[in-house]
Amino acid sequence: MTGGAPVPQGGRPATGPRTFAAPLRAVDRMEARSDGPELRFALYKTVNPEDPYMAGHFPGLTLLPAVFVLEALRQATSTLVGGDEPLNLLDVRSGRWLAPMQGGDEIRLEVTAAPDGPGRWKVTADGTRQDGTPVAAVKVTLGDRDAVLAAGPSADEARPGPAGEAGPAGGTGPDYTGILDLLPVRHPMLLVDRVEALDPGRRITVAKAVSGSEPCYQGLADGLPLSRYMYPRSLMLESFGQASVLLWLSTGTAEGVPVAAAFRDCRFFGEVRPGAVLRHESRIDRLMADNVFVSGRTWDGDRCVMTVGALIGSSRPRERVDRTMTVKT
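As a starting point, this report considers the structure included with it. This is a predicted model, so every value here is computed, not measured. (Residues numbered from 1 in each chain as written. Predicted model: local features only at pLDDT ≥ 70, side-chain atom pairs only at ≥ 80, totals over all residues. Heavy atoms only, no water.)

**Section: the overall build of the protein**
Working step 1: The helix and strand inventory of the protein stands at six helices and 13 strands.
Working step 2: Burial status across the protein gives 52% buried among its 329 residues.
Working step 3: In the protein, once contacts between residues fewer than 6 apart in sequence are set aside, the share between residues at least 24 apart is 69%.
Working step 4: Of the roughly 14,000 Å² of accessible surface on the protein, a fraction of 50% belongs to carbon and sulfur atoms. (Helix = DSSP H or I, 4+ residues; strand = E, 2+ residues; numbered from the N terminus. Buried < 20%, exposed > 50% of the residue type's maximum accessible area, 1.4 Å probe, protein only. Contact = heavy atoms within 4.5 Å. Areas by Shrake-Rupley, 256 points an atom, 1.4 Å probe, with all protein chains shown as cover.)

Given below as structure tokens:
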């Protein structure tokens, strides 16, 4: 690999067919820092409002979703490692989002990827904007398909909760039009379809149908194996986050722009493909000023496919998020 070489999406040139499901081309170019068993490199991504999914994320305010930083690490490391199958997220040990990543910003991630057993890589990254502002600090584990299939939830994680866990007292939450009224996202970034149960301020259960017509599957080459249609785990985590925002809004304490501030101890299991109906179960563990702490699990039928140890959301005034706003004096 040469420094500054463009990084193909899905391991192929951006002009050719893609070879695995991905929400967007999350890396524009990379620069090698070292060779050897431990990979060190920089990756660059300019926040582009024309990218897939971006038009529906905070319409009128182009912000790079935090989960797309995770997608960039996956795509870049997959390219460098090579192999017959792309790498996927096995866990997000920690992720902190320190400042907004707005349309036109070029984000640089300084990345170290170290082998962590057969088919596994521990990846750490620190991100800055072009003005030097820190934007992200991330620690994840990536794995090949064998590592993905070998990972499984603990007995407690795999034990189904009671049906309608949010409880009959809360009843069902907003319908689809109510979801549109509440969430600052639109198609195709709107990744929740139905609120199945809601206990305001405590718990929520939300369904998300995975459709083969979603943009992450657009342009895939014909004849690919079924494994390449695995639903991107970055989008699964984003969908859980949107469910958690709906729960947070039910408390009446969220004002301003709700953004992800941190992830901790998120783990992924198995493969999710088109036709699946994900069920997110999110609960509020703590409310503090303009922040919320949630945790939960995601199911595909009776399979636990994701656990979230902690997702921290922060509500910020729009002028702190949108740097195009000017203060009139």
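That shown, we press on.
**A short note on unusual backbone geometry**
Working step 1: Proline 188 follows histidine 187 through a cis peptide bond whose omega is 0°.
Working step 2: As for its position among the elements, proline 188 is in the loop between α4 (176–182) and β8 (194–199).
Working step 3: A positive phi angle is found at phenylalanine 58, which is not glycine, with a value near 50°.
Working step 4: Relative to the helices and strands, phenylalanine 58 resides in the loop between β3 (39–46) and α1 (66–81).
Working step 5: On the accessibility criterion, phenylalanine 58 (11% relative accessible area) is buried.

**What about the environment of tryptophan 248?**
Working step 1: Relative to the elements of secondary structure, tryptophan 248 occurs in helix α5 (residues 233–249).
Working step 2: Overall, the relative accessible area of 2% leaves tryptophan 248 in the buried class.
Working step 3: For the pair tryptophan 248 and valine 292, spaced 44 residues apart in sequence, the C-alpha separation works out to 7.1 Å.
Working step 4: Aside from chain neighbours lying at most four places away, what touches tryptophan 248 is Thr253, Ala254, Pro258, Ile284, Leu287, Asp290, Asn291, Val292, Gly313, Ser314 and Ser315.

**Focus on the packing of aromatic side chains**
Working step 1: Counting across every chain of the model gives three aromatic pairs.
Working step 2: A ring pair is formed by tyrosine 53 and phenylalanine 68, whose centres lie 6.5 Å apart and whose planes are at 75°; its orientation type is edge-to-face. Here tyrosine 53, found in the loop between β3 and α1, pairs with phenylalanine 68, found in helix α1; they are 15 residues apart in sequence, far enough to count as distant.
Working step 3: Judged by relative accessible area, which is 2%, tyrosine 53 ranks as buried.
Working step 4: Relative to phenylalanine 263, the ring of tryptophan 97 lies with its centre 5.9 Å away and its plane at 75°, an arrangement referred to as edge-to-face. Of this pair, tryptophan 97 sits in strand β4 (residues 88–97) while phenylalanine 263 sits in strand β10 (residues 257–268), placing them 166 residues apart in sequence. For the residue pair tryptophan 97 and phenylalanine 263, the accessibility class agrees, reading buried in each case.
Working step 5: The lysine or arginine in question, arginine 29, covers the ring of tyrosine 44, its NZ or CZ lying 3.8 Å from the ring centre. (Phe/Tyr/Trp six-rings, centres within 6.5 Å; stacked < 30°, edge-to-face > 60°. Lys NZ or Arg CZ within 6 Å of the ring centre and 35° of its normal.)

**What about the pattern of salt bridges?**
Working step 1: Under the criterion given, the structure shown has 23 salt bridges.
Working step 2: Note that glutamate 31 and arginine 33 form a salt bridge whose closest N and O atoms lie 3.2 Å from each other.
Working step 3: Taking relative accessible area as the criterion, glutamate 31 reaches 21% and is therefore assigned partly exposed.
Working step 4: On the accessibility criterion, arginine 33 (36% relative accessible area) is partly exposed.
Working step 5: Taking the shortest distance from any N to any O, the salt bridge between arginine 297 and glutamate 281 comes out at 3.9 Å. Of this pair, arginine 297 sits in strand β12 (residues 291–300) while glutamate 281 sits in strand β11 (residues 277–288), and the two are 16 residues apart along the sequence.
Working step 6: Taking the relative accessible area as the measure of exposure, glutamate 281 reaches 6% and is therefore buried. (Salt bridge = Lys/Arg side-chain N within 4 Å of Asp/Glu carboxyl O.)

**A short note on the pairing of strand β6 (residues 120–128)**
Working step 1: Summarising the sheet, strand β5 (residues 106–115) and β6 pair through eight bridges and their orientation is antiparallel. Within β6, the position partnered with alanine 114 by the bridge is lysine 122.
Working step 2: Hairpin connection, β5 to β6: the antiparallel pair is bridged by four residues, and glycine 117 has positive phi, about 100°.
Working step 3: In this sheet, strand β7 (residues 134–143) lies alongside β6 in antiparallel orientation, the contact comprising nine bridges. (Pairing = 2+ DSSP bridges.)

**A look at the pairing of β3**
When a strand is regular, its side chains alternate between the sheet's two faces.
Working step 1: For β3, a buried count of six out of eight residues is recorded, marking the element as mostly surrounded by other parts of the structure.
Working step 2: Both strand β2 (residues 29–34) and β3 contribute to a ladder of five bridges, which runs antiparallel. The residue of β3 that forms the bridge with alanine 32 is phenylalanine 41.
Working step 3: The antiparallel hairpin formed by β2 and β3 contains four residues in its connecting segment, where glycine 36 sits at a positive phi of about 120°.
Working step 4: Relative to β5, β3 is paired through eight bridges, and the arrangement is antiparallel.

**Some remarks on the side chain of glutamate 271**
Working step 1: Looking at where glutamate 271 falls in the secondary structure, it is placed in the loop between β10 and β11.
Working step 2: The class for glutamate 271 is buried, based on a relative accessible area of 8%.
Working step 3: Side chain to side chain, glutamate 271 and arginine 273 meet in a polar contact 2.5 Å long.
Working step 4: Residue contacts for glutamate 271: discarding those within four places in its chain leaves Arg145, Val148, Leu149, Ser227, Met230 and Arg303. (Polar contact = N/O pair within 3.5 Å; in protein donor to acceptor, adjacent residues only side chain to side chain.)

What is shown is where atoms sit, not what they do.
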